[in-house]
Amino acid sequence: MKDAAPQTIYLRDYAPFDYVVDSVQLTFKLTPTATRVTSRIAFRPNPATTTRDFFLHGEQLRLIGARIDGKSIDPEITSTGLRCDVPDAPFVFEAEVEISPDTNTALEGLYMSGGMYCTQCEAEGFRKITFYPDRPDVMGVFTVRIESDLPVLLSNGNPVTSGDGWAEWHDPWPKPAYLFALVAGDLVNQPDTFTTMSGRDVDLNIWVRPGDEGKCAFGMKALKKSMKWDEDVYGREYDLDVFNIVAVDDFNMGAMENKGLNIFNSSAVLASPETSTDANFERIEAIIAHEYFHNWTGNRITCRDWFQLCLKEGLTVFRDQQFTGDMRGQAVKRINDAVVLRAHQFREDNGPLAHPVRPTSFVEINNFYTVTIYEKGAEIIGMLRRLVGPDAYEKALDLYFTRHDGDAATIEDWLKVFEDATGRDLTQFAKWYSQAGTPRVAVSEEYTDGTYTLTLRQHTPPTPGQDHKDALVIPVAVGLLNENGDEVVPTQLLELTQAEQSFTFGGLASRPIPSILRDLSAPVILEHEQTSARRAFLLAHDTDPFNKWDAGRTLAQDVLVAMVRDGATPDAAYLDGLAAVLRDDGLDPAFRALVLALPSEDDTAQALVDAGDTPDPSAIYDAHETLKLHIAQHLQDLLPRVYADMTVTAPYHPDADQAGKRTLGNGVLALLARIDGGRQAAAQYTAADNMTQQLAALATLLKAGKGAAELAKFEREWQDDRLVMDKWFGLQVSCAAPDAAVQTAQKLTDHPAFTMKNPNRFRAVFGALAGNAAGFHHPSGAGYALLADWLIKLDALNPQTTARMTAAFSTWRRYDAERQAMMRAALQRIADTPDLSRDTTEMVSRILD
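What you see is a predicted model; the values in this text were computed from it and never measured. The residue numbering used here restarts from 1 in each chain and proceeds along that chain's sequence as written. Reporting of local features is limited, given that this is a predicted model, to residues whose pLDDT is at least 70; pairs of side-chain atoms are given and counted only at 80 or more, and all residues count toward the totals for whole chains, interfaces and linings. To get the side-chain values, take all heavy atoms of the structure and skip hydrogens and water.

Quick word on the overall build of the protein chain
Definition in use: The way it works is that DSSP assigns letters per residue, a run of H or I at least four long becomes a helix, a run of E at least two long becomes a strand, and they are numbered from the N terminus. Each residue's exposure class comes from its accessible area (1.4 Å probe, protein chains only) as a fraction of the maximum for that residue type: buried when under 20%, exposed when over 50%, partly exposed otherwise. We call two residues in contact whenever any of their non-hydrogen atoms come within 4.5 Å of each other. Per-residue and other accessible areas were derived by the Shrake-Rupley procedure at a 1.4 Å probe size, with only the shown protein chains allowed to occlude residues. Two residue types count as positive, namely Lys and Arg, and two as negative, namely Asp and Glu; His and chain ends fall outside the count. For this purpose, a charge sits on NZ of Lys, CZ of Arg, CG of Asp or CD of Glu.
When helices and strands are counted, the protein chain shows 27 helices and 31 strands. Principal-axis analysis of the C-alpha atoms gives the protein chain an extent of 85 × 65 × 60 Å. Counting all 849 residues of the protein chain, 59% fall into the buried class. The long-range share in the protein chain, meaning contacts at least 24 apart out of those at least 6 apart in sequence, stands at 70%. Counting only carbon and sulfur atoms, one obtains 49% of the accessible surface of the protein chain, whose full area is about 32000 Å². Looking at the protein chain, you have 81 positive and 119 negative side-chain charges, and the mean spots of the two groups are 1 Å apart.

This is the structure we're talking about:
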């Protein structure tokens, strides 16, 4: 068998497959180490191509036999697939292969998780199941037969028939291979039904291991809400007779939208008040919505090639953000999305892993399931909706669904729909898809005789492979306030299309105070020099919730930077502003909690870099700790009252109202611990009747250097619940002091319940270590060495998870020479590992280069 070196794939080289797939019939005879897969695929020459190269992808397959139109053939087999001569007319290709699900630790293709067979085929996992043109633009109708002694046998589409030890499924909707799914196991279901807007009844099931039945009710409610919302807001009706969700413990991602058979990481679907936090419930609701919404934006309309991944993911993320905003409050949702965008996507855009929302090349597509594709992709959809307006957006989406139903579409197809629906030229706007980096928008102001002039200048710093940047279309939402806090000019949407533009506002009685980039109207960094007094004024008076919060966040960041650089004491304007927000009972508790929270230590490090400094993680940690103490002392008379007011006495419910109160109450609890020694936290832990309160109290105690008894009790209570134990593992590392973080992580890897084969458990420990900034970046370099050690071990088992976790090193160039040298050495040690996977090789090379 010939081995092929990893090759770079380029968007410019796209060509359609030379053959069309009319139908696919698959038979699975399941056994753990010798599953037989028989395929019968009807092909015909593609009239849109002139070449005739019949190549089917296939990896780690043992070919038993192959036939064309019933005649045996001897195809050429390589490490990447199969090639043979075929008729220049319709024909049937048949193959029988053998695979070993039990030894498939990469969790791609068909694998086993705790005795259950399951699949993960996006992006290129189907080629590990059988020989097939494994690309998203090849779509076929699948019929599947599963043979096994396991009681539950599931696949895509609708059930056809079943018997003792077998079941058949048929999916009438053509789909690419990445949407194929199969599950077989000893499972129980939480059933329900949903009646669509046309009156069709759909059977719904959430399938889980015995013992998890009590954790399905919330997920089922979320699914039904999603189905109703998609009908009401987008006019999209479900199109099969059954919708199945399966919870799987071993899963590399959150969930997968396979047509009619969604497969979920257990952490993204199983929930109960006793075992799940408010954040878990909200995440589950959002992920279930996201995967369901893919039925139209991803499945019925898929992407032509993987370079168009943002088309399905960006649009679907935007849709799930709209849904969560409708369910839980748009203002708080927008702020939470901005926190993620700035902390992760801006960081990616500012480092060696920067890439356009539509990349132009890749070696391993799994490495491009990124916050740029998802979150920035969603921001582009949001900007487009702002620019054309909600009504035109709705009109364009209706046209998109009508025109491209059943298609494998492109970004050009998407933008053309908006041009046709609105008459607007989107040539310049399209640059958002091809240009990497986070734009900066600099602000200058002038006021003369009742006329206020706002000048905006845009520039985007160079990114890897892109030195020159063009001007983008940037929607900038602006409102003007007077000195009393009254809004004298309501929100207007300005379109910044040139490198520099000025906008004037006349008829003003006095110099206004601008509120710029309201609702974060574009994913840009605003460069606007303002005094602490001006920011405090906006925190107190801005009528836009996002900018009100952002004024407080920027004040906090300015305070932290000054403390790190000069040892300054916290600005009184910031502390007084916090007090005013905290005591304002008219504000949403969830919003007040967001204002009370500090920027992350990583955010402060980037702020120092932007200010021209080299960040010291230890000094940043000390500044954060000092500021938290100052806040607690400044608010000490107010904190007990707010904590009491936020106590929820009603039975637990994960709705926005209760969750907001608990979030604020637990934020206050963390501050109280700095002045009461953890007394209130210990009392909360003892009294807690739900995981949100229990875990928050435990985290507060651990951060205060206490909680050993509670930690041991927590383990005894929850040692048999795998998802709660993930929390137990992660909490210890994330709450550890910098000098103890690495030692804590190392010790936990010796715990009997630790296994690197389970992505959730591995991420619980090492994701927490990477997130403990001062611990990971300890001057000893022990954090870098430990993570590198474990990534080298994991790569041989699970390249996908390994590659994604190398991103912990992506900011190595921002630090001092000693830390840079140690991080580079750790990366080089990973790169020099014999037989390193293609996934990890690409990521490490990009980070180093």
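A closer look at the nonpolar core
Our working rule: Working definition of a nonpolar core: buried Ala, Val, Leu, Ile, Met, Phe, Trp, Tyr and Cys residues. They are joined through side-chain atoms within 4.5 Å.
Formed by 270 residues in total, the largest nonpolar core has its most connected members in Phe93 and Trp414. Residues within four places of Trp414 in sequence aside, it is in contact with Leu311, Leu315, Ile381, Leu384, Leu397, Tyr400 and Tyr433.

What about helix α14 (residues 617-634)?
Convention followed: The span one expects for a helix is its residue count, reduced by one, times 1.5 Å. A 3.5 Å cut-off defines polar contacts: any pair of N or O atoms within that distance qualifies, except that in protein one atom must be a possible hydrogen donor and the other a possible acceptor, and neighbouring residues in sequence count only when both atoms are side-chain atoms.
For α14, which comprises 18 residues, the first-to-last C-alpha distance of 26 Å matches the rise-based estimate of 26 Å (1.5 Å per residue) to within 8%. Among the residues making up α14, those that are buried are Pro617, Ile620, Ala623, His624, Leu627, Ile631 and Ala632. Sitting at the amino-terminal end of α14 is Asp616, which places a side-chain oxygen 3.0 Å from the backbone nitrogen of Ser618.

A closer look at the packing of helix α20 (residues 722-734) against helix α22 (residues 759-771)
What counts here: Note on geometry: axes are C-alpha line fits, over the in-contact stretch for helices, and angles between N-to-C directions span 0 to 180 degrees. By the definition adopted for this analysis, an angle is roughly parallel if under 35 degrees, roughly antiparallel if over 145, roughly perpendicular if from 65 to 115, and oblique otherwise. By convention, the crossing between two helices is left-handed when the near helix turns anticlockwise from the far helix through less than a right angle, and right-handed when the turn is clockwise. When residues are grouped by polarity, Ala, Val, Leu, Ile, Met, Phe, Trp, Tyr, Cys and Pro land in nonpolar, Asp, Glu, Lys and Arg in charged, and all others, Gly among them, in polar.
Where α20 contacts α22, the axes come no closer than 8 Å and their chain directions differ by 15°. By the angle between their directions, the pair α20 and α22 is classed as roughly parallel. With respect to the hand of their crossing, α20 and α22 are arranged in right-handed fashion. Where α20 abuts α22, its residues Arg722, Leu723, Met725, Asp726, Phe729, Gly730, Val733 and Ser734 lie against Asn760, Arg761, Ala764, Val765, Ala768 and Leu769. Classifying every residue of the contact of α20 with α22 by side-chain character gives eight nonpolar, three polar and three charged.

Structural notes on the pairing of strand β10 (residues 109-113)
Convention followed: Paired strands, as defined in this entry, are two strands with at least two bridges between them according to DSSP.
Burial runs high along β10: five of the five residues are buried. Here β10 pairs with strand β11 (residues 116-120) via five bridges, running antiparallel. By the bridge assignment for β11, Leu110 is matched with Thr119. Between the end of β10 and the start of β11, which pair antiparallel, lie two residues, with Gly114 showing a positive phi angle near 60°.

Concerning the sheet that holds strand β25 (residues 440-448)
The four strands lie next to each other as β29-β26-β25-β31, forming an open sheet whose pairing is mixed. The sheet terminates laterally at β29 (500-505) and β31 (525-527), the two strands that pair on one side only. Each strand axis lies, on average, 25° off the axis of its neighbour in the sheet, ignoring direction. In this sheet, β31 lies alongside β25 in parallel orientation, the contact comprising three bridges. Bridged to Arg440 within β31 is Ile525.

Description of the sheet that holds strand β19 (residues 242-248)
Across the sheet, which stays open at both edges, the five strands sit in the order β17-β18-β19-β21-β20 with mixed pairing between neighbours. On the outer flanks of this sheet lie β17 (188-195) and β20 (255-256), each paired with one strand and no other. Across the sheet, helix α1 (residues 217-234) lies against β17, β18 (201-208) and β19, angled at about 25° from β17, the strand it touches most. The sheet strands contacting helix α2 (residues 278-293) are β19, β20 and β21 (261-265), and the helix crosses β21 at an angle near 150°.

Points about the side chain of Asn158
Mapped onto the elements, Asn158 comes out in strand β14 (residues 158-163). Among the residues examined, Asn158 registers a relative accessible area of 15% and is labelled buried. In contact with Asn158, other than residues within four places in its own chain, are Trp169, His170, Pro172, Leu240, Asp241 and Val242.

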